[in-house]
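A closer look at the structure
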Amino acid sequence: MVALTIPVLTGKMTMLLHGFSPDMKKLVFVFCVLLALGIAAHYNKETLMAWMSPEKEGPPTPAAPNEAKPAAQPAPAEQPPVEPAVAEVSEEVKALQFAAEGGDAVAQCNLGLCLESGEGIATDAAAAVEMYRKSAEQGNAAACFNLARCYVNGFGVEPDVAQFISWCRKGAEAGNADAMYTLGMCYKQGLGVEASAQEAEVWLRKAADLNHEKATAELN
């Protein structure tokens, strides 16, 4: 059987080997002999085709039939999520916190600004609004206007035009020039209130008297 198989295989392979180098032809011939003898049974089709490619220099080394496969490597241990770094609180903000906790309206307003801007402490919209509110409820004019801004911008609270106008008016009545100018413009353009040229001029003039540049420009 072997004697018959070898000539058949080698004859067929000879017809397929046009264009191969002499060394490659010898390798294929040896393979055919081994295949006929059953020695090369562990070579699969893909291995053979790869071996026969003219771009290959020689046959790949096949794994022994009973050779143990390398053990699977264990999956790397899952790393715990990295916690974001907590912003350090500056000494100035610590002093504001101490004063704000004692009820100082100015400190409360300034602490709100720090919490809004992230200066010296991590940004916290809800905490900023809380500080503005505490200060505004004590009549701090700047805090009233800052709280109004939060309501119109939706910063730390749901946007609310009525609350915006309410706190803006309180700030204007308490003497804040920005609140006066803003309220005057709302009356001039009918934003959140009924348009009134008379009310607009009153508030814009009050702001201009405090050297508010935009209010002065509106009146000229």
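This one's a predicted model, so the numbers in the text were calculated from it and none came from an experiment.

What counts and what doesn't
Numbering of residues starts from 1 in each chain and follows the order in which that chain's sequence is written. Local features in this predicted model are restricted to residues whose pLDDT is 70 or higher, and side-chain atom pairs enter the listing and the counts only when it is 80 or higher, whereas totals over whole chains, interfaces and linings include all residues. Computation of side-chain values: all heavy atoms of the structure, hydrogens and water removed. By convention in these notes, a salt bridge is any Lys or Arg side-chain nitrogen within 4 Å of a carboxyl oxygen on Asp or Glu. What counts as a helix is a DSSP run of H or I of at least four residues, what counts as a strand is a run of E of at least two, and both are numbered from the N terminus. With a 1.4 Å probe rolled over the protein chains alone, any residue whose accessible area is under 20% of its type maximum counts as buried; one over 50% counts as exposed, and the rest are partly exposed. Note on definitions: angles span 0 to 180 degrees between N-to-C directions of axes, and those axes are lines fitted to C-alpha atoms, for helices only across the stretch in contact. The scheme is simple: roughly parallel for angles under 35 degrees, roughly antiparallel for over 145, roughly perpendicular for 65 to 115, oblique for anything else. Each helix crossing is assigned a hand: it is left-handed if the near helix lies turned anticlockwise from the far helix by less than a right angle, otherwise right-handed if that turn is clockwise. It only takes one pair of heavy atoms within 4.5 Å for two residues to be counted as in contact. The residue classification treats Ala, Val, Leu, Ile, Met, Phe, Trp, Tyr, Cys and Pro as nonpolar and Asp, Glu, Lys and Arg as charged. All others, Gly included, are polar. Here a polar contact is taken to be a pair of N or O atoms separated by no more than 3.5 Å, where protein atoms must pair a possible hydrogen donor with a possible acceptor and residues adjacent in sequence count only if both atoms sit in side chains. Values of pLDDT, ranging from 0 to 100, describe the predictor's confidence in every residue of the model. Given the number of residues in a helix, its expected span is that number minus one, multiplied by 1.5 Å. Side-chain rings of Phe, Tyr and Trp (the six-membered ring for Trp) are treated as a pair once their centres are within 6.5 Å; stacked means planes under 30 degrees apart, edge-to-face means over 60, and tilted covers the remaining angles. Throughout this description, the term charge over a ring refers to an Arg CZ or Lys NZ atom that lies within 6 Å of the ring centre and within 35 degrees of the ring normal.

Under the defined criterion, the tally for this structure stands at five salt bridges. In this structure, arginine 205 and glutamate 201 form a salt bridge, with 3.2 Å as the shortest nitrogen-oxygen distance. One end of the pair, arginine 205, and the other, glutamate 201, are both in helix α10 (residues 197–209), four residues apart, so they sit about a helical turn from each other. Here arginine 205 falls in the partly exposed class, since its relative accessible area comes to 40%. Owing to a relative accessible area of 42%, glutamate 201 belongs among the partly exposed residues under this scheme.

Right, let's talk about the environment of phenylalanine 145 for a bit. Counting through the fold element by element, phenylalanine 145 comes out in helix α7 (residues 141–153). With a relative accessible area of 13%, phenylalanine 145 lands in the buried category.

The next thing to look at is the packing of helix α6 (residues 125–136) against α7. In contact at an axis separation of 8 Å, α6 and α7 are set at 140 degrees when each is read in the N-to-C sense. The pairing of α6 with α7 is recorded here as oblique in orientation. Read as a crossing pair, α6 and α7 show a hand that is left-handed. Contacts between α6 and α7 pair Val129, Tyr132, Arg133, Ser135 and Ala136 from the former with Ala143, Cys144, Asn146, Leu147, Arg149, Cys150 and Tyr151 from the latter. Class assignment for the residues of the contact of α6 with α7 results in eight nonpolar, two polar and two charged.

Within the secondary structure layout, serine 135 lies in helix α6. Ignoring anything within four residues of it in the chain, the contact list for serine 135 reads Ala105, Gln108, Cys109, Asn140 and Ala143. In this structure the side chain of serine 135 is engaged in a polar contact, spanning 2.7 Å, whose partner is the backbone oxygen of alanine 105.

When pLDDT is averaged along the protein, the result is 78; 61% of the residues meet or exceed 70. Between the elements of the protein, mean pLDDT differs from a low of 40, seen in helix α3 (residues 45–52), to a high of 98, seen in α6. Low confidence marks residues 1–15, where pLDDT is under 50. Its contacts with residues over four positions away, or in another chain, come to 14 contacts. When the criterion is pLDDT under 50, residues 33–63 qualifies, and its contacts beyond four places in sequence or with other chains add up to 37 contacts.

To continue, consider α6. Taking 1.5 Å of rise per residue, the twelve residues of α6 would be expected to cover 16 Å, and the 16 Å separating its terminal C-alpha atoms lies within 8% of that figure. If you check which residues of α6 are buried, you get Ala127, Ala128, Val129, Met131, Tyr132, Ser135 and Ala136. Tucked into the core, α6 has its buried residues touching α4 (91–101), α5 (105–117), α7 and α8 (161–173). Between the side-chain oxygen at the start of α6 and the backbone nitrogen of alanine 126 there is a gap of 3.3 Å, and the oxygen is on aspartate 124.

Interhelical geometry of α5 versus α6 gives an angle of 160 degrees and a closest axis separation of 8 Å. It follows from the interaxial angle that α5 and α6 lie roughly antiparallel. In this structure, α5 crosses over α6, and the sense of that crossing is left-handed. From α5, Ala105, Gln108, Cys109, Leu111, Gly112, Leu113, Leu115 and Glu116 reach across to α6, where they touch Ala127, Ala128, Met131, Tyr132, Lys134 and Ser135. Along the lines of polarity and charge, the residues of the contact of α5 with α6 split into nine nonpolar, three polar and two charged.

Relative to the helices and strands, glutamine 108 is located in helix α5. The contacts of glutamine 108, once residues within four sequence positions are left out, are Ala100, Gly103, Met131, Lys134, Ser135 and Gln138.

On to the packing of aromatic side chains. The geometry of an aromatic ring pair is captured by the separation of the ring centres together with the interplanar angle, meaning the angle of the planes. Inspection of every chain in the model, using the stated rule, returns zero aromatic pairs. One Lys or Arg, lysine 170, reaches over the ring of tryptophan 167 and ends 4.1 Å from the middle of that ring. Here the guanidinium or amino end of lysine 206 rests over the ring plane of tryptophan 203, the centre of that ring lying 5.8 Å away.

Right, let's talk about the side chain of asparagine 140 for a bit. Checked against the element boundaries, asparagine 140 lands in the loop between α6 and α7. There is a polar contact of 3.2 Å between the side chain of asparagine 140 and the backbone nitrogen of alanine 142. When sequence neighbours within four positions are dropped, the list of residues in contact with asparagine 140 reads Ala105, Val106, Cys109 and Ser135.

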